[in-house]
Amino acid sequence: LCCFQLYGYCYQDSNDIPDTLTTITELGSPLEMIQLLQTSWEDRFRICLSLVRLLHYLAHSPLGSVTLLDFRPRQFVIVDGELKVTDLDDASVEESSCTSNSDCFMEFPARNFTLPCSVEGRCQSMNEKRNLYNAYRFFFTYLLPHSAPSSLRPLLDKIVNATGNHNKCVTVICTEYLALELSPSPSVNSEFTQKCMKSANTQYRRVPEAYIPDENYRCWPSYHHKGCLLSVFDVNEAIEICDSYSQCKAFVLTNQTTWTGRQLVFFKMASNHIVPDPDKITYVKVTD
């Protein structure tokens with residue numbers, strides 16, 4: 001689940017090309033950090049969650065604790081919205097030997113760490129800690145806080161800071177991320193429901209089995225590059241979002257959902273042309 005899936009391989013030994021091994025793996029998309037920052041927070045959280053699962057596997061693999069010596073975005077790809085490592089050439093299972101704590105010194109561009117030297121003469125959890133901090137400095141610090149739901153930001157800040165300070169092990173971090181996986185929808189729903197209860201001035205007319213094909217405007221972040229397509233927990237949240245955009249005059253509920261189960265909604269700047277569509281419901285803002 002965490003690494004590239006191997007579908008097959010072919011070994012060839014000939015006079016022209018001796019000792020040649022050809023592998024067939026699943027297809028993934030290169031990791032572009034700038035593009036990731038333009039995606040929705042849900043999608044970025046999913047990537048971080050898959051990375052945490054990878055860290056947990058590396059820390060408890062059948063071979064022992066494995067470290068990725070070249071832990072950079074270029075060593076990963078996106079497969080079906082999740083992060084997978086593609087290059088294991090620089091993987092190592094050797095924990096550094098030591099005679100004192102000073103031998104367990106880890107140096108990074110922003111900060112350094114000194115780990116304890118065990119009685120067996122090995123730096124304790126150095127492989128695990130190296131992976132964890134690299135995940136923090138290359139991924140978590142960029143992908144998690146950016147445009148996160150405000151109700152989740154205190155918890156996110158706590159997790160990210162603990163990761164960067166080496167205050168917790170991979171197992172604890174993994175448990176916290178898995179718990180957070182269930183939080184986006186309920187937390188966001190509670191936040192938006194409270195706001196919507198305070199504002200009942202705007203009225204919307206419900207038009208079942210209807211769709212507005214045009215009248216798009218751009219918003220950020222959007223699942224559609226030519227329109228405003230966002231995820232919502234329910235109609236109340238869609239109303240709150242539409243009310244927050246001056247150009248929004250209607251929105252269309254689709255039958256599509258994100259990986260967390262949130263419904264995708266198109267927001268429109270007019271409702272002059274409505275067409276039949278059995279899979280959609282349109283809400284039009286009522287003006288006096």
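Data block above holds the structure.
Quick look at the structure, then. (Residues numbered from 1 in each chain as written. Predicted model: local features only at pLDDT ≥ 70, side-chain atom pairs only at ≥ 80, totals over all residues. Heavy atoms only, no water.)

## A short note on the nonpolar core
For soluble globular proteins, nonpolar side chains are generally found buried alongside one another.
Alright, step 1. By size, the foremost hydrophobic cluster in this structure holds 41 residues, and its most contacted members are Leu51, Phe71, Phe76, Leu83, Phe139, Phe140 and Leu144.
Alright, step 2. Taken together, the elements giving at least two residues each to this core come down to α2 (41-59), β5 (76-79), β6 (82-85), α3 (126-143) and α4 (153-164).
Alright, step 3. Grouped together as the second largest cluster of nonpolar side chains are 15 residues, Val232, Cys242, Cys248 and Tyr283 included. (Core = buried A, V, L, I, M, F, W, Y, C linked by side-chain atoms within 4.5 Å. Buried < 20%, exposed > 50% of the residue type's maximum accessible area, 1.4 Å probe, protein only. Helix = DSSP H or I, 4+ residues; strand = E, 2+ residues; numbered from the N terminus.)

## Remarks on the pattern of salt bridges
Alright, step 1. One pass over the structure, following the stated rule, counts seven salt bridges.
Alright, step 2. For the salt bridge of Arg46 with Glu82, the shortest nitrogen-to-oxygen distance reads 3.7 Å. Here Arg46, found in helix α2, pairs with Glu82, found in strand β6; they are 36 residues apart in sequence, far enough to count as distant.
Alright, step 3. The residue Asp70 makes a salt bridge to Arg72 at a minimum N-O spacing of 3.1 Å. (Salt bridge = Lys/Arg side-chain N within 4 Å of Asp/Glu carboxyl O.)

## Things to note about α2
The α-helix advances 3.6 residues per turn, and as a result positions three or four apart in sequence lie on the same side.
Alright, step 1. When the terminal C-alpha atoms of α2 are compared, their 27 Å separation across 19 residues agrees well with the 27 Å that a helix rising 1.5 Å per residue should span.
Alright, step 2. The buried fraction of α2 is high, at 14 of 19 residues. (Expected span 1.5 Å × (residues − 1).)

## As for the packing of α3 against α4
Alright, step 1. Contact pair α3 / α4: the axes reach a minimum separation of 8 Å and the direction vectors enclose 130 degrees. The orientation of α3 with respect to α4, classified from their angle, is oblique. Between α3 and α4, the residues in contact are Leu132, Tyr133, Tyr136 and Phe140 and Val160, Thr163 and Gly164, respectively.
Alright, step 2. Classifying every residue of the contact of α3 with α4 gives five nonpolar, two polar and no charged. (Axes fitted to C-alpha atoms, helices over the stretch in contact; angles between N-to-C directions. Parallel < 35°, antiparallel > 145°, perpendicular 65-115°, else oblique. Contact = heavy atoms within 4.5 Å. Nonpolar A, V, L, I, M, F, W, Y, C, P; charged D, E, K, R; others polar.)

## Overview of the packing of aromatic side chains
By convention here, two paired aromatic rings are described through the distance between centres and the angle between planes.
Alright, step 1. Counting across every chain of the model gives 13 aromatic pairs.
Alright, step 2. Centre to centre, the rings of Trp41 and Phe45 are 5.2 Å apart; their planes meet at 15 degrees, and the pair counts as stacked. On the criterion of helical spacing, the pair formed by Trp41 and Phe45 is a turn pair, its members being four residues apart in helix α2.
Alright, step 3. With relative accessibility at 5%, the residue Trp41 sits in the buried group.
Alright, step 4. Overall, the relative accessible area of 1% leaves Phe45 in the buried class.
Alright, step 5. When the ring of Tyr211 is compared with that of Phe266, the centres are 6.3 Å apart and the planes differ by 65 degrees; the resulting orientation is edge-to-face. One end of the pair, Tyr211, is in strand β10 (residues 203-211); the other, Phe266, is in strand β13 (residues 263-268), with 55 residues separating them in the sequence. Exposure class is identical for Tyr211 and Phe266. Each is buried.
Alright, step 6. Through successive ring pairs, a cluster of aromatic residues spans Phe108, Phe113, Tyr133 and Tyr136.
Alright, step 7. Seen from the ring of Tyr211, Lys280 lies directly overhead, with NZ or CZ sitting 5.1 Å from the centre. (Phe/Tyr/Trp six-rings, centres within 6.5 Å; stacked < 30°, edge-to-face > 60°. Lys NZ or Arg CZ within 6 Å of the ring centre and 35° of its normal.)

## Remarks on the pairing of β5
Alright, step 1. Side chains of β5 alternate between two faces, with Phe76 and Ile78 and Val77 and Val79 buried alike.
Alright, step 2. As paired elements, strand β3 (residues 29-30) and β5 share two bridges and run antiparallel to each other. Within β5, the position partnered with Pro30 by the bridge is Val77.
Alright, step 3. One ladder, built from four bridges, connects β5 with β6; its direction is antiparallel. When the bridges of β6 are listed, Ile78 appears paired with Leu83.
Alright, step 4. Taking the residues between adjacent antiparallel strands as the criterion, β5 and β6 are bridged by two residues, where Asp80 takes a positive phi near 55 degrees. (Pairing = 2+ DSSP bridges.)

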